[in-house]
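Per-entry structural report
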Amino acid sequence: MLADLARWAGTAPPTGVRVSAVRKYRPCVPSPAGKGWTLAVSCGEQPPGSTPSEMVRLAGRARAAVRAGTDPGALHALALMDMLWADSAGISVERAIHNLQAVAQLSERPAPVLGDLAAAYLMRAERTQTPRDLLLAAEAAARAVEQDSSNQTALFNLAVALETFGLAHEAANAWRAYIRADSTSGWAAHARKRLRQHGAPGTASAGAPLLRLAVVDPQQARSTGWDRLLGEWGAAVLENDPARARHALDRAGELGAALERAGRDATLARAVDSIRAASRDASQARTLAAAHHLYARARRYFESGDYRAAEPLFAKAGALATSSPALREWAHLFEGTTQVLDGRAMRGEPLLRAVAARSDTVREPALAGRARWVLATAYLRGDRYQDASASASEAAQLLTRAGERENTGGALGVASEARFAMGDLEGGYASAHHALAMLRTYPASGRSHVLLFALGRAVAADGSPRAAVHVQSEGLAVAERTGNTIHVAEARLARARLFAAAGRPVRAAADAAAGRELVMRMRAAGARAWFMADLRMTEAALASRADPAAAANLDSVLGFFGPRDNPLRVFPALLARAETRLALGDSNAARADLQRAVAMLEDRRGAITEEHLRASLTEQARGVFDKLVMLHVAAGRTTDALIDMDRARASLTRHGPRESAAERARFAAPSGEILVEYALVGDTLLAWVVSGSRVRFARTTVDAKHFARTVGEVRSSLENQAEEGATRRELARLYDWLVRPVEAWLGEGGVPLVVVADGDVAAAPFPALFDTHRRRYLVEKHVLRFATSAREAARRARHGAGAGNVLLVADPAFDPAEHPGLERLSGAAAEVRAIMANYPQSVVLDEEEASASALLAAVPRASVIHYAGHAIFDDGHPERSSLVLASTPVEGRPADLTAAELAGLDLRHVRLVVLSACQTVRSGGGRAQGFAGLAGAILAAGAGGVVGSSWLVNDQLTLALMPEFHRAYRAGEGGPEALRTAQLALLHSERPELRSPAAWAGFRYVGR
């Protein structure tokens, strides 16, 4: 990478500089608590321009090239410099990631950029301790390796990412791949050292004496006592072998006492006490012996996966255990567990609830924790995700108290799966990473297999298919170490589906064939039936879409999983069958499957209260809505297509009752405005224009990658203050794609447009789209406002400042230690002084007075709020985006005000909020994510509208725009109209830097 920077700078790479990562990392294992890790930076390379003056010169050259739009490599160079001289607040790393993503999107051969992007994700992971960044790094590095298998930067960073996340087997393979590419350097020596440390670890209890198990592995100690020793006692009693019975009971008693002394689970000790009390009655003793013997047999069936054989034995053991409460509870727990795992969760749940209610959480944490863990699994299978997350988290705490690390990892795995299902990606990754840390010393644990199986699916759904394959390959290695045929078959079939999704059909077919062989060898009828359905699902995913047999296979899959109330299996089967039916030309049947899938999604919203989680869940199902919309389009039902597209954007992210079909069909544009709604589905750009109740539709084909590259290029240039003519060609191309197909329906000049879009379309700078026929920008013809959906757009806008105070916040005096990468904004203070002339009675909070408490105290009396300062957009957690405010330690709260806090306010009395800061109006990446971060939070709190920026803006340029906006707004223009007036004023300015779209096109009005 440094050679790339040197090449761009026009110098030769310094002696000894490797064409490698900007930084290489020596990772440490996660902490024992599993809550974090450290990555020690190791960088022995001296880049060109290593002195401050040289760096300033290079940075100036790079920025000038970006503004002029003459050198695509300049943006890459800026990102590299940000990484090499990163600030402690992480702002430069965020900027580097943003720029590298743009460069990778724009590049035809992005492997070198992706290798550097992986390093940037690793840097952010180090700073923020976010496990998701580790898998994003793995995905970026794997993409680079896919394009260039000799890219040493990517190979090294891939190994680091996999190792740090806890995927030991895959990390070892990655280190070997690096050594094959580089066998002589110092980095190769480091790779060999890491590889030597990847010998298979033993479990904590390997070779431990029996009583020592209570200290080193309480879970194994308890299991040994219950499943082996007490089972042996029962068999010996039934066989009239008193010596063997006494020996087994004594050893179980010693083990139970040791566990109790260590403060672990006391049920083994209680079971031994019950046996000794029953020994005074021979008949009672034999009954209890039979119960323990049945329990031990049932446990063997259970561990082999034969739940149907285990269930009646557990039930009979529980019925016989009248004199042993501990045995009765464990038998009931496993009876309910077999029912849950066999697809009958509703039947098993009452048993588990009863055990959880009766168990002593202080003296019986293993029993109590295990009951809550299985209950969480039952909740998960019933789509009750928040209940599942809470129950699994409680289980993990109890199992930690019991000292049962392996079971704790299993419970955390269920918590991870529940959080992923809710759309809480960061929470899901954090729980999974914590679980892997707990399971590190159990290399052959079935818990690890289950965790990695679910994690691979979640990572693929998160848009990282290559990282998902690595996760499931780790899961397959674990499954093979367990020696359990069921685990291996499940892992093989799961990886086959991931290979197919990643476009690797040969590897997918090999895994599917191996999985089929394993399924055919299964003896347990229940397990075989389950995996035959799983196998058919996998083979259908691999089969040709035109193969009618695939549809028949999926019919049987749905017939098997449907009655078992398993949406995690039914949902993908419905989607796959819909695709098959489409390929066969049966669009009506395909539509029925898709509508059933949509209904399943909408049924889930009742279990999820957090707005951003519901939005994320909807985004995961984006493909369902896209397929349904395209079905309508193919049949000529363009209004139905619009209704379902808008449903995708609104129906799962709004509180209140679900709309009926009749209510959804009443579709009209806001009075006096024209609605333009866009959707990019694959390479098809869909556009609906609604005027009154009339719907017009245009469909055009675009190269989606070219479209995204163009948007990224324009935004990057404007963000870096490009000159007026530098981006005109690209802005004209965007106009031709987005506006030209529908311009005849947009009415006369001055007619307000309401734009609804998402993803790359929403990222386009609409005000600056350039019409080459009439030599004008779009903002010169139309007033523009933006909305999250047509339903939201139809809510009436409110105009004028109205009653109430105008609250102005200027240049808060933040703590430099908290934000070392930020500087005070003199332009923001001057901006507010200029705005004050329009509002003589305004309330001003500036410098030290601009604290969160002062702002919150003033908000209830304000109808207009203007904030001029710094804003921080958190790309991974938009709800954590914040307004930077003055530090007041005596308040006892963080200085900054987050989006989540803003969303909790009542802002229904506020007509307008102006956020004169960076990235305050960012569209979410998905259909239902609306406006992410601060703007979305303020709208959710009830404010009428928000004016904000969609990229990084310069405070000196906003100093010119914002006073013009407030003059027009104070004169009675509505928010969208006032913003257009201000933009036109800059466009017609005598100053060249103000005429550039970089000065005015980044701001937009969103809301009513």
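That block above? That's the structure.
Numbering of residues starts from 1 in each chain and follows the order in which that chain's sequence is written. Residue-level local features of this predicted model are given only where pLDDT is at least 70; pairs of side-chain atoms are given and counted only at 80 or more, and the full residue set underlies all totals for whole chains, interfaces and linings. Processing note: side-chain calculations cover all non-hydrogen atoms of the structure and skip hydrogens and water entirely.

1. Re the overall build of the chain
- Helix numbering and strand numbering both begin at the N terminus, where a helix is a DSSP run of H or I of at least 4 residues and a strand a DSSP run of E of at least 2. Helix and strand content of the chain: 45 helices and 20 strands.
- Residues are treated as being in contact if the distance between any of their heavy atoms lies within 4.5 Å. For the chain, long-range pairs separated by at least 24 residues make up 68% of all intrachain contacts whose partners lie at least 6 apart in sequence.

2. Focus on the nonpolar core
- Membership of the largest hydrophobic core comes to 141 residues, with the highest contact counts inside it found for W226, L230, W233, Y295 and L455.
- The element that contributes the greatest number of residues to this core is helix α5 (residues 111–128), accounting for 11 residues.
- Ignoring sequence-local partners within four residues, the contact set of Y295 consists of W226, D227, F314, A317, L327, W330, A331 and F334.
- Side-chain atoms within 4.5 Å are what join buried Ala, Val, Leu, Ile, Met, Phe, Trp, Tyr and Cys residues into a set we call a nonpolar core. Any residue under 20% of the maximum accessible area for its type is buried, any over 50% is exposed, and the rest in between are partly exposed; the area is computed with a 1.4 Å probe on protein chains only. The next biggest cluster of nonpolar side chains, apart from the first, holds 103 residues, and it includes L685, V739, Y839 and V1006.

3. Focus on the packing of helix α7 (residues 152–165) against helix α8 (residues 168–181)
- Axis angles are defined between N-to-C directions and span 0 to 180 degrees, where every axis is a line fitted to C-alpha atoms and, for a helix, only to the segment in contact. Viewed as axis vectors pointing N to C, α7 and α8 meet at an angle of 160°, and their least axial separation amounts to 8 Å. For the element pair α7 / α8, the angle class is roughly antiparallel. Our pair here, α7 against α8, has a crossing hand that is left-handed. When α7 is examined against α8, the residues Q152, L155, F156, L158, A159, V160, L162 and E163 are found in contact with a partner set consisting of E170, A171, A174, W175, A177, Y178 and A181.
- Classifying every residue of the contact of α7 with α8 gives 12 nonpolar, 1 polar and 2 charged. An angle below 35 degrees is read as roughly parallel, one above 145 as roughly antiparallel, one from 65 to 115 as roughly perpendicular, and any other as oblique. What makes a crossing left-handed is the near helix being turned counterclockwise from the far one by less than a right angle; a clockwise turn instead makes it right-handed. Gly falls in the polar group here, along with every residue not listed as nonpolar (Ala, Val, Leu, Ile, Met, Phe, Trp, Tyr, Cys, Pro) or charged (Asp, Glu, Lys, Arg).

4. Some remarks on the environment of I872
- As for its position among the elements, I872 is in strand β13 (residues 871–872).
- Residues I872 and C918, spaced 46 residues apart in sequence, show a C-alpha to C-alpha distance of 7.3 Å.

5. Side note on the sheet that holds β13
- By the convention used here, strands pair only if DSSP detects at least 2 bridges between them. Here 3 strands make up an open sheet; going across it, the order is β13-β14-β15 and the pairing antiparallel. Every other strand in the sheet has two partners, leaving β13 and β15 (897–898) as the edge strands with one partner each.
- Bridge analysis of β13 against strand β14 (residues 882–883) gives 2 bridges, and the strand direction is antiparallel. Following the sheet pairing, I872 is matched in β14 by S882.

This is a description of form; function is not addressed.
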